[in-house]
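# Notes for the structure review
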Amino acid sequence: MFGRSLISRNGSFRPEHLGQNALAMIGNLCFTFFVIGVLIFTIIAATYEPEDQLFRPSTKITTFLTSNSNATFKSDNSVVKTGEDFMASNQTAFATFINITDVDNAVVGAETELTFAETHDCSGKVDDPINCRDPEVFHLLMRAAIEKFKDMHFYRFGKPVSGNNDSSCHMAWRFRPKEGKAAAFYKDYRSFSIVRSENCTLSVVGIGDYHSGGNARKRKRKGKDKEKDKEGFEKVLVKMEENTIALPEVGETVNDALPVVESEGSFSHGKYLIYSGSGDRCKSMHQYLWSFMCMLGEAQYLNRTLIMDLNICLSKIYTSSGSDEEGKDFRFYFDFEHLKDSASVLDQTQFWSDWSKWQQKDGLSLHLVEDFRVTPMKLAGVKDTLIMRKFGSVEPDNYWYRVCEGETESVIQRPWHMIWKSRRLLDVASAIASRMNWDFDAVHVERGEKARNKELWPNLDKDTSPEALLATLQDKIEDGRNLYVATNEPDTSFFDPLKDKYSTHFIDEYKDLWDGNSDWYAEMTKLNNGSPVEFDGYMRISVDTEVFLRGKKQIETFNDLTNDCKDGINTCSSQLVGT
């Protein structure tokens, strides 16, 4: 009775229902696994942080340029990459360099025959001043430069001008190192000492140091006067593709004066975009630039003039004081002349001054946006004169780059080609390279905190010791070579054992290039309204890195010296993790 009553209470266990019951159980199990899978996926999605695009290795530059994703930023005291770092070298432009044959075959001037006839009779004129405008002198100086600087390709020579005395001429030229990897031209101007012999022969007896020929340095002209800049000798270029992106010319006079609005009418008819408030302030330069490029990209998308604050707070990771430092200027670190030539930008201070004068009079309107989730696409139809994005005090929602996340990242393209490094800093790096005659190899040795942290970088300290460096470099760099060591090791005597095999060089050897008597110091003081500018930690890292990149051979820490990963153990993307 007991057993029968139990069975009768649940008729589903009758033989004729067993198949249906099995199917039901399988369905319940599948649903349970589905719910668990959704739960796991939700947890992963909520906690996942995408890889920071700015810190990917150089082999992933293309991905960096085409992707805008970002969630978090690590503190990183390395130099930030800018537009010129991603340019493909224009081999067509670089292939058209001047050689000795071009100089010898050139018809330098229509008066050449007369000049040679006159100079053959130089009785009593041996000590007369050298005529630096003489085509014969121009020919002589070009030959002397090409013969002396064998590791350079020359692309243009400017006509010589008088130097500092009667036997001196100054001449400028555009060049690139023969084995240069950067997509850039460089400008130098040097002093030449010339003597005239009894038989009228002219000879160059000395060429000054980098940028010693200051009289040949010319400010770039615009408009009709621009034609005067073309005086000189330049090999005829093959036809270039249209819309070729301009290349940096390091060494040219920099014009980073602030742009001004021509008239009230021009101002009132303009459309503007401004970002107000930011959690990016005093963060790493990587985060600052990532956010700045988002803002610039939105301005380009909306076809509006960007109103920018040139004042920068330099993060403590770059300062000698160990504290965040206000009062820095965008132009200290980036090429503002190139930016204003590439995009429509105005200084914030000047803009608000004009706004206060003409806003009420001309009925100029403001459209305020206080939520970063309002996409640029939703603002495309706004007719107001000024769109102001106002950011609050809550991080990370007040990071500017949040505007370019989500659906926006496939629409707003960060215009990297508009941002270059400061040409003044690049010129310091070029001066250092010039003192090694552009004929040097370079090694980057990262030590510091990473070398002391054995948990994340177990092998770095050992792999960057002098003994290990000598062992690694012996198969990579020839004995006796100039070796530039870019490093964060404060005590350079640590590398003294390398001097037995190489002529070692460090950035501190070249402090005269930014001290109180340097051109850099004078120009930066003028830019900063008469107040001296410190050669700060970020500038130092920038110059150190640029010199390293000019080496003929470049030995990296986290590829060539150690198998440890740049960001710590188990973070390598394409190299073996050290044991």
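All of these numbers come straight from a predicted model, not from anything done at the bench. (Residues numbered from 1 in each chain as written. Predicted model: local features only at pLDDT ≥ 70, side-chain atom pairs only at ≥ 80, totals over all residues. Heavy atoms only, no water.)

### Focus: a nonpolar patch on the surface
The test is simple: For patch detection, residues must exceed 30% relative accessible area and be free of salt bridges, and they are connected within 9 Å for like charges or within 5 Å for nonpolar side chains (Val, Leu, Ile, Met, Phe, Trp, Tyr). Method for areas: the Shrake-Rupley scheme with a 1.4 Å probe, in which residue coverage is limited to the protein chains shown. Whenever a carboxyl oxygen of Asp or Glu lies within 4 Å of a side-chain nitrogen of Lys or Arg, that contact is scored as a salt bridge. By definition, any uninterrupted DSSP run of H or I lasting at least four residues is a helix, any uninterrupted run of E lasting at least two residues is a strand, and each is numbered from the N terminus.
The grouping of Leu29, Phe33 and Ile36 at the surface amounts to a nonpolar patch, some 330 Å² of accessible area in total. The topology assignment puts Leu29 in helix H2 (residues 18–47).

### Points about the environment of Asp512
Here is the rule: Per-residue accessibility, obtained with a 1.4 Å probe over protein chains only, is compared with the maximum for each type, and a residue is labelled buried under 20%, exposed over 50%, and partly exposed between these values. We call two residues contacting when some pair of their heavy atoms lies within 4.5 Å. We call two N or O atoms a polar contact when they sit within 3.5 Å, provided that within protein one can donate a hydrogen and the other can accept it, with sequence-adjacent residues counted only if both atoms are side-chain atoms.
Residue position: Asp512 is located in the loop between strand E17 (503–505) and helix H18 (519–527). Judged by its relative accessible area of 34%, Asp512 is partly exposed. Dropping the residues within four chain positions of it, Asp512 is found in contact with Arg435 and Ser518. A polar side-chain atom of Asp512 sits 2.6 Å from a polar atom in the side chain of Arg435.

### Here's the deal with the sheet that holds strand E8 (residues 272–276)
Note the following rule: In short, DSSP must find at least two bridges between two strands for them to pair. Note on geometry: axes are lines fitted to C-alpha atoms, helical ones only across the stretch in contact, with angles between N-to-C directions running from 0 to 180 degrees.
Strands sit in the order E12-E9-E8-E14-E13 across an open sheet of five strands; the sheet is parallel. Of all strands in the sheet, those bounded by a partner on one side alone are strand E12 (345–347) and strand E13 (366–369). Neighbour to neighbour, the strand axes of the sheet diverge by 25° on average, direction disregarded. One ladder, built from three bridges, connects strand E9 (residues 305–308) with E12; its direction is parallel. Along E12, the bridge assignment pairs Leu306 with Val345. In this fold helix H9 (residues 285–302) packs onto E8, E9 and strand E14 (386–390), with an angle of close to 155° to the strand it touches most, E8. On the sheet, helix H12 (residues 348–362) packs against E8, E9, E12, E13 and E14 and is oriented at approximately 85° with respect to E12.

### Things to note about the state of the cysteines
Our working rule: Counting rule for disulfides: a pair of cysteine sulfur atoms within 2.5 Å.
With the rule as written, the count across this model stands at four disulfides. The disulfide partner of Cys282 is Cys313, and the gap between their sulfur atoms is 1.9 Å. Its S-S torsion of approximately 100° makes the covalent link between Cys282 and Cys313 right-handed. Of this pair, Cys282 sits in the loop between E8 and H9 while Cys313 sits in strand E10 (residues 311–314), placing them 31 residues apart in sequence. When sorted by exposure, Cys282 lands in the same class as Cys313, which is buried.

### So, helix H14 (residues 423–435)
Here is the rule we go by: Expected helix span is taken as 1.5 Å per residue step, with the number of steps being one fewer than the number of residues.
Here H14 spans 18 Å end to end across 13 residues, near enough to the 18 Å set by a 1.5 Å rise per residue. Within H14, 12 of the 13 residues are buried, which leaves it mostly tucked inside the rest of the structure. Within H14, the full set of buried residues consists of Arg423, Arg424, Leu425, Leu426, Asp427, Val428, Ala429, Ser430, Ala431, Ile432, Ala433 and Ser434. Between the side-chain oxygen at the start of H14 and the backbone nitrogen of Arg424 there is a gap of 3.2 Å, and the oxygen is on Ser422. Residue Asn437 follows H14 closely and has a positive phi angle near 55°.

### Digging into the packing of aromatic side chains
The condition is simple: Stacked, tilted and edge-to-face pairs are distinguished by plane angle, under 30 degrees for stacked and over 60 for edge-to-face with tilted covering the rest, among Phe, Tyr and Trp rings (Trp via its six-membered ring) whose centres lie within 6.5 Å. Sitting over a ring, as applied to charges here, requires NZ of Lys or CZ of Arg to be within 6 Å of the ring centre and within 35 degrees of the ring normal.
Scanning the model with the defined rule gives 32 aromatic pairs in all. With a centroid separation of 4.1 Å and 10° between ring planes, the pair formed by Trp514 and Phe535 is classed as stacked. Of this pair, Trp514 sits in the loop between E17 and H18 while Phe535 sits in the loop between H18 and helix H19 (537–549); the two residues are 21 residues apart in sequence, bridging distant segments of the chain. The class of Trp514 is buried, set by a relative accessible area of 10%. Joined through ring pairs, the aromatic side chains of Phe267, Tyr272, Phe351, Trp352, Trp355 and Trp358 make up one cluster. Just above the ring of Phe372 sits the side chain of Arg373; from NZ or CZ to the centre is 5.9 Å.

### Here we look at the packing of H14 against H18
When two helices pack together, their arrangement is given by the angle between their axes and by how far apart the axes lie. Applicable threshold: Each angle is binned into one of four classes, with values under 35 degrees roughly parallel, values over 145 roughly antiparallel, values of 65 to 115 roughly perpendicular, and all other values oblique. Here the nonpolar group is Ala, Val, Leu, Ile, Met, Phe, Trp, Tyr, Cys and Pro; Asp, Glu, Lys and Arg are the charged ones; every other residue, Gly included, is treated as polar.
As a packed pair, H14 and H18 sit with axes 11 Å apart at the nearest point and diverge in direction by 170°. Accordingly, the angle class assigned to the pair H14 and H18 is roughly antiparallel. Facing Arg424, Leu425 and Val428 of H14, the residues of H18 in contact are Trp520, Glu523, Met524 and Leu527. Each residue belonging to the contact of H14 with H18 can be placed in one class, and the counts come to five nonpolar, no polar and two charged.

### With respect to the environment of Leu339
Checked against the element boundaries, Leu339 lands in helix H11 (residues 336–342). Look at Leu339 and you get buried, because its relative accessible area is 0%. Separated by 79 residues in sequence, Leu339 and Met418 place their C-alpha atoms 5.4 Å apart. For Leu339, the residues in contact, after removing those within four places along its chain, are Phe292, Leu296, Met308, Phe330, Val345, Met418 and Ile419.

### A look at the nonpolar core
Rules: In these notes, a set of buried Ala, Val, Leu, Ile, Met, Phe, Trp, Tyr and Cys residues joined through side-chain atoms within 4.5 Å is what counts as a nonpolar core.
Judged by nonpolar contacts, the single largest core of 100 residues is most densely connected at Phe157, Phe292, Phe330, Leu339 and Tyr484. Looking at which element gives the most residues to this core, the answer is H9, with 11 residues. The next biggest cluster of nonpolar side chains, apart from the first, holds 13 residues, and it includes Val443, Leu469, Leu473 and Val485.

### Some thoughts on the pattern of salt bridges
Evaluation of the coordinates by the stated rule reveals 39 salt bridges. A salt bridge links Arg435 to Asp512; the nearest nitrogen and oxygen atoms lie 2.6 Å apart. One end of the pair, Arg435, is in helix H14; the other, Asp512, is in the loop between E17 and H18, and 77 residues separate them in sequence. For Arg435, a relative accessible area of 43% translates into the label partly exposed. Arg540 is paired through a salt bridge with Asp508; the nearest N and O atoms lie 2.8 Å apart. Residue Arg540 is found in helix H19, and its partner Asp508 is found in the loop between E17 and H18; the two are separated by 32 residues along the sequence. The class of Arg540 is partly exposed, set by a relative accessible area of 31%. Each member of the salt-bridge network shares a partner with another, and the members are Asp151, Asp439, Asp441, Arg481 and Lys552.

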